[in-house]
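In case you want the letters, here they are:
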Amino acid sequence: MIKFRQEKPGDQLAIRGVNVQGFGTSEEADLVDALRQANAIVLSMVALDGEDIIAHILFTEVVVTRADSRFTGIGLGPMAVLPCYQRKGIGSRLLQIALDKCRRLDYDFVVVLGHPEFYSKFGFSPAKPYGISCEFDAPDEAFMVLELRENALAGSSGIVHYRDEFRNA
Ligand SMILES: CC(C)(COP(=O)(O)OP(=O)(O)OC[C@H]1O[C@@H](n2cnc3c(N)ncnc32)[C@H](O)[C@@H]1OP(=O)(O)O)[C@@H](O)C(=O)NCCC(=O)NCCS
């Protein structure tokens with residue numbers, strides 16, 4: 001049976017392994033380690049098969065700026081499932097559980113830069129119609145937003161900035 005819980009001390013190496021194998025490169029694993037080192041993690045959750053960590057999801061704070069205002073939300077990512085566990089519904093369950101936790105935090109919205117086919121199943125939609133764009137170059141359909149409270153983004157617009165660690169990744 002697959003279980004889900006928040007990251008605990010001692011999980012770091014296994015989380016690193018999931019990200020390295022999931023993405024096929026160490027970039028995202030290095031980013032996760034740098035964010036943890038900087039105490040920048042808003043929420044980090046894992047999926048386990050028995051004692052083994054097989055999937056990971058992370059959220060950090062983002063800042064949306066425009067000329068006269070700035071407000072904060074959370075950014076989803078990285079997220080990875082070990083290759084042999086992919087496309088079995090585990091990423092979906094992990095994301096759903098993590099989003100339920102996010103709804104209980106004091107944030108109004110989540111942004112993500114990723115596969116539209118996957119994230120749209122959870123209510124994410126392109127950020128552009130909200131007037132929200134990403135500091136990084138990204139196809140319009142890949143930069144998405146999810147309101148955690150109804151109409152949280154009404155009248156909002158601006159550019160989303162991730163933590164510096166994402167820029168240095
Ligand atoms: C993307 C990822 C997190 C999804 O987790 P998962 O457990 O495999 O996903 P689920 O089984 O819950 O859902 C499967 C659905 O996710 C989507 N999906 C999964 N992998 C995908 C990929 N590489 N590209 C696009 N969509 C993908 C599809 O809609 C798929 O549905 P389908 O199997 O009917 O086509 C996982 O495949 C992964 O770790 N991939 C490598 C790392 C990565 O790309 N991370 C996300 C960065 S945005």
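These lines cover the structure that appears in this document, whether it is placed above or below.

Considering the arrangement of structural elements, one finds His 56 in strand S3 (residues 52-66). Polar contacts involving the side chain of His 56 include one to the side chain of Asn 19, which spans 3.2 Å. Side chain to side chain, His 56 and Ser 44 meet in a polar contact 2.9 Å long. With sequence-adjacent residues up to four places away left out, His 56 is seen in contact with Glu 7, Ile 15, Val 18, Asn 19, Val 32, Ser 44, Met 45, Val 46, Pro 78, Met 79, Ala 80 and Leu 94.

Close contacts around the ligand come from 19 residues, with Val 81, Arg 87, Gly 89, Gly 91 and Ser 92 the closest. Contact distances for the ligand include 2.8 Å between an oxygen atom and a backbone N or O atom of Val 81. Surface burial for the ligand is 75%, taken as the share of its 860 Å² of free accessible area covered by protein chains. Of the residues assigned to the shell around the ligand, the class counts are eight nonpolar, seven polar and four charged.

Here is what the cut-offs are and how they apply
Residues numbered from 1 in each chain as written. Predicted model: local features only at pLDDT ≥ 70, side-chain atom pairs only at ≥ 80, totals over all residues. Heavy atoms only, no water. Helix = DSSP H or I, 4+ residues; strand = E, 2+ residues; numbered from the N terminus. Polar contact = N/O pair within 3.5 Å; in protein donor to acceptor, adjacent residues only side chain to side chain. Contact = heavy atoms within 4.5 Å. Near = heavy atom within 4 Å. Areas by Shrake-Rupley, 256 points an atom, 1.4 Å probe, with all protein chains shown as cover. Nonpolar A, V, L, I, M, F, W, Y, C, P; charged D, E, K, R; others polar.

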